[in-house]
Amino acid sequence: MSTAGQNGATRDMTTVQIADAERLLITTDDAAARLGIHRSTLYDLIRTRKLKTVKIGARRLVRVSALEEAIQLLEEETAA
């Protein structure tokens, strides 16, 4: 698919649709929803370093695999 720009030039446009289940990074709101917790509780986990995040620009994102790591850490803490 190509589109014409303001100066009449054409360029190829490729749109990649990625299902939410395939994303490697998700927003903090999405992470809280997946865990079934309030957003402020999620930020408590981040602040106490129980949940690892990455920052890209102004956005704080969560690796999906970090959610599983945090759950495992919390399970270990409650078992102790």
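Residues numbered from 1 in each chain as written. Predicted model: local features only at pLDDT ≥ 70, side-chain atom pairs only at ≥ 80, totals over all residues. Heavy atoms only, no water.

Colleague: Is there a simple way to explain unusual backbone geometry in this structure?
Modeller: The phi dihedral of Arg49 falls on the positive side, at around 65°, and the residue is not glycine. Here Arg49 shows up in the loop between α2 (39–47) and β4 (53–56). (Helix = DSSP H or I, 4+ residues; strand = E, 2+ residues; numbered from the N terminus.)

Colleague: What is the right way to read the pattern of salt bridges from this model?
Modeller: Pairing is possible between side chains of opposite charge, provided their charged atoms come close. Tallied over the full model, the rule gives four salt bridges. Here Lys50 ties to Glu77 by a salt bridge, and the two come within 3.4 Å at their closest N and O atoms. One end of the pair, Lys50, is in the loop between α2 and β4; the other, Glu77, is in helix α3 (residues 64–79), with 27 residues separating them in the sequence. (Salt bridge = Lys/Arg side-chain N within 4 Å of Asp/Glu carboxyl O.)

Colleague: Hey, could you run me through the sheet that holds strand β3 (residues 25–27) in this one?
Modeller: Strand pairing in a sheet relies on backbone hydrogen bonds, with the paired strands running either antiparallel or parallel. Across the sheet, three strands lie side by side as β3-β5-β4; this open sheet has antiparallel pairing. The open sheet is flanked by β3 and β4, the only strands paired with a single partner. Averaged over neighbouring strand pairs, the angle between their axes works out to 45° when direction is ignored. Relative to strand β5 (residues 59–63), β4 runs antiparallel, the two sharing four bridges. Directly across from Ile56, in β5, lies its bridge partner Arg59. The strands that helix α1 (residues 28–35) touches are β3 and β5; relative to β3, the one it contacts most, it runs at about 90°. (Pairing = 2+ DSSP bridges. Axes fitted to C-alpha atoms, helices over the stretch in contact; angles between N-to-C directions. Contact = heavy atoms within 4.5 Å.)

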